[in-house]
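# Chain and residue survey
Next come the chains, spelled out residue by residue.
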Amino acid sequence: MKTVIIGSNHAGIAAANTLLDNYPGTEVVLIDRNTNLSYLGCGTALWVGRQIDGYEDLFYTNEAAFRKKGAKIFMESSVTSIDFNTKIVHFENKAGEKSEESYDKLILATGSKPIVPNIPGKNLEGLHFLKLFQEGQEVDRDMSRDDVKTVAVIGAGYIGVEIAEAAKRRGKNVLLFDAMPTSLASYYDPEFTHNMDKNLEAHGIELHFGELATEYRGDKRVEQLVTDKGTYDVDMVINAIGFTANSDLGKDHLATFQNGAYLVDNHQKTSDDSVYAVGDCATIYSNALEATTYIALATNAVRSGIVAGHNVGGTELDAIGVQGSNGISIFGYNMVSTGLSVAAAKKAEIDVDYTDFEDLQKPGFIKENAPVKIRIVYEKSSRRIVGAQLASTEDISANIHMFSLAIQEHVTIDKLKLLDIFFLPHFNQPYNYITMAALGAK
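Only a predicted model underlies this, so the values are computations on that prediction, with no experimental measurement involved.

## Quick notes on the overall build of the protein chain
When its secondary structure is counted, the protein chain shows eleven helices and 25 strands. Overall, the C-alpha framework of the protein chain stretches about 65 × 55 × 40 Å when taken along its three principal axes. Looking at the 442 residues of the protein chain, the share that counts as buried comes to 51%. Long-range pairs, those at least 24 residues apart, make up 63% of the contacts in the protein chain between residues at least 6 apart in sequence. Carbon and sulfur atoms make up 50% of the accessible area of the protein chain, which amounts to about 20,100 Å² in all. Across the protein chain, 41 positive and 58 negative side-chain charges occur, with their mean positions spaced 1 Å apart.

## With respect to the environment of proline 371
Relative to the assigned elements, proline 371 resides in strand S24 (residues 371-379). Separated by ten residues in the primary sequence, proline 371 and glutamine 361 have C-alpha atoms spaced 5.8 Å apart. Not counting residues within four places of it along the chain, the set of residues in contact with proline 371 comprises Glu358, Asp359, Leu360, Ala391, Ser392 and Thr393.

## What about the domain arrangement of the protein chain?
Often, the extent of an interface is quoted as the loss of accessible area on bringing the components together. Entries for the protein chain in the domain assignment read domain 1 (2-113 + 244-313), domain 2 (116-241) and domain 3 (332-440). The gap between the C-alpha centroids of domain 1 and domain 2 is 29 Å. A combined buried area of about 1,400 Å² lies between domain 1 and domain 2, and 59% of that area is made up of carbon and sulfur atoms. Inspection of the region where domain 1 meets domain 2 yields two salt bridges. Here lysine 131 ties to aspartate 280 by a salt bridge, and the two come within 3.7 Å at their closest N and O atoms. Residue contributions to the side of domain 1 that touches domain 2 peak at four residues, all from helix H2 (residues 44-48). Its residues placed into classes, the side of domain 1 that touches domain 2 shows six nonpolar, seven polar and three charged.

## A closer look at the pattern of salt bridges
Evaluation of the coordinates by the stated rule reveals 28 salt bridges. Note that arginine 67 and glutamate 63 form a salt bridge whose closest N and O atoms lie 2.5 Å from each other. Within this pair, arginine 67 and its partner glutamate 63 are both found in helix H3 (residues 63-68), separated by four residues, close to a single helical turn. The class for arginine 67 is partly exposed, based on a relative accessible area of 42%. The residue arginine 217 makes a salt bridge to glutamate 215 at a minimum N-O spacing of 3.4 Å. Residues participating in the shared-partner salt-bridge network are Asp142, Arg145, Asp147 and Arg221.

## A closer look at the sheet that holds strand S3 (residues 72-74)
Reading across the sheet, the five strands line up as S3-S2-S1-S7-S18 and stay open at both edges, with parallel pairing between neighbours. For this open sheet the edge positions go to S3 and strand S18 (275-277), each flanked by a neighbour on one side alone. On average, each strand axis in the sheet is tilted by 15° relative to the strand beside it, whichever way the strands run. Across three bridges, the pairing between strand S2 (residues 27-31) and S3 is parallel. In the strand pairing of S3, valine 29 is matched with lysine 72. Strand contacts of helix H1 (residues 10-22): strand S1 (2-6), S2 and strand S7 (105-108), with the helix running at about 165° to S2, the strand carrying the most contacts. Its contacts with the sheet put helix H7 (residues 298-313) on S1, S7 and S18, and the angle it makes with S18 is roughly 165°.

## Quick look at the environment of glycine 321
Turning to its location among the elements, glycine 321 is positioned in the loop between H7 and strand S21 (326-330). Every residue in contact with glycine 321, bar those within four places of it in the chain, is listed here: Tyr285 and Asn287.

## A few points about the packing of aromatic side chains
The geometry of an aromatic ring pair is captured by the separation of the ring centres together with the interplanar angle, meaning the angle of the planes. Applying the stated criterion across every chain, the model contains ten aromatic pairs. On the basis of an interplanar angle of 65° and a centroid distance of 5.1 Å, the ring pair of tryptophan 47 and tyrosine 55 is categorised as edge-to-face. With relative accessibility at 5%, the residue tryptophan 47 sits in the buried group. Members of the aromatic cluster, each reached through a chain of ring pairs, are Tyr39, Trp47, Tyr55, Phe59 and Phe133. One residue, lysine 373, lies across the ring of phenylalanine 192, its end atom 5.4 Å from the ring centre. Over the ring of tyrosine 354 we find arginine 375, and its NZ or CZ is 3.8 Å from the ring centre.

The rules behind each value
- In this numbering scheme, every chain counts its residues from 1 along its sequence in written order.
- Local features in this predicted model are restricted to residues whose pLDDT is 70 or higher, and side-chain atom pairs enter the listing and the counts only when it is 80 or higher, whereas totals over whole chains, interfaces and linings include all residues.
- Where side-chain values are given, they derive from all heavy atoms of the structure, hydrogens and water being excluded.
- Numbering goes from the N terminus for both helices and strands, where a helix is a DSSP run of H or I of at least four residues and a strand is a run of E of at least two.
- Partly exposed describes any residue whose relative accessible area lies between the buried limit of under 20% and the exposed limit of over 50%, with all areas from a 1.4 Å probe on protein chains only and scaled to the type maximum.
- Should any heavy atoms of two residues lie within 4.5 Å, those residues are counted as being in contact.
- All accessible areas in this document rest on Shrake-Rupley with a 1.4 Å probe, and a residue is counted as covered only by the protein chains that are shown.
- Asp and Glu count as negative and Lys and Arg as positive, but His and the ends of the chain are not part of the count.
- By convention, the point assigned to a charge is CZ for Arg, NZ for Lys, CD for Glu and CG for Asp.
- Domains are outlined according to an automatic or database domain assignment.
- Accessible-area loss on putting two parts together, using a 1.4 Å probe and summing over both, is the definition of buried area adopted here.
- Any Lys or Arg side-chain nitrogen found within 4 Å of a carboxyl oxygen on Asp or Glu counts as a salt bridge.
- Any residue outside Ala, Val, Leu, Ile, Met, Phe, Trp, Tyr, Cys, Pro, Asp, Glu, Lys and Arg is labelled polar, Gly included; the first ten of those are nonpolar and the last four are charged.
- Two strands are counted as paired when DSSP detects at least two bridges linking them.
- Convention adopted: a line fitted to C-alpha atoms gives each axis, helices being fitted over their contacting stretch, and angles between N-to-C directions are expressed from 0 to 180 degrees.
- Two aromatic rings, drawn from Phe, Tyr or Trp (for Trp, its six-membered ring), form a pair once their centres lie within 6.5 Å of each other, and the interplanar angle then sorts them: stacked below 30 degrees, edge-to-face above 60, tilted otherwise.
- Two limits define a charge over a ring: the Lys NZ or Arg CZ must be within 6 Å of the ring centre, and within 35 degrees of the ring normal.

See the structure below:
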């Protein structure tokens, strides 16, 4: 059997490795328009902000590794069309040479693409997006210019906040804009985001929330950013508004979700029995929502690639859904969440309640210590846990995995109240904040 995979980042790589490692004799063809594969884009801000020595270790595999496993791989090659009836993929390399590959099964792993503000001045120099490795290189080069002193970042989600920190670490004046009233509004409730906003301001980042960009101004290069509330002198703009599914190749043939992502079943199969879709170009099932949705995360991409790979290879494997678990660390302040915030639950018309608790991570006699804030969100009718948020300067990240599993397995808030949680002063308190939060539930 021959499988063609279009796209060779996290989802495509996971699918390819699953097939090559578990199903001997399977013919695998990888096609990608980029010069590289396996780039960990979440490390871009660390590299640009000089928190790591360079970008070289942000790649976890390469073209040679796949060739060694027996795959055929075409880099710097753009797919121009797919004939779904004859099962042929047409593509063209950077030299303009046209080729085609037939398939028995096709896996679409084309990822996502940045949302581009359609406003005047969008073609000026000094405007950037962050998705590909090359875009990270461009941001890094531009930030190295002596005449770039003020950087505007549009979008205060994870990427925007992280690159704002990176720019500040590079000694720039940083202005952070978002249409929402706080940073990270898609992932956390205001009681948590306000603390991150204070953290950003305390480190010298100028916040402009509740503002919409309306125009870029400049002669050849951007010199001003105009919003619905003011005009700001800038030397560089980084757009981090968000992403949407890159589904152009199959949107006229395959069933799609409301945002254009390919609709897939729990085997990652599309509406065409010979075509699978994985990663950011496909839908995913949310155990918190108990519904199909769209969540663009690298971890989801890897899992979906594994599921598709096994099903294409002949082993039936069901996806078990996701919770959208995520985390961020900015100037030493750490936040993690999974499932739904209260705001997200309300938007999804799920009637929820929540319980909050705040305490020190460890007993008061431990010198290296800090407060931890926790919120657990649960559905009123079933009392199942649907979300959790934690924040601290302590490393509280591993806690979120337990809540992810709780959401997946429909654990109720009452079951959590007397959960066996160990105590040792080096790590935590005898009255653990997880236990105390659960006990506080109505």
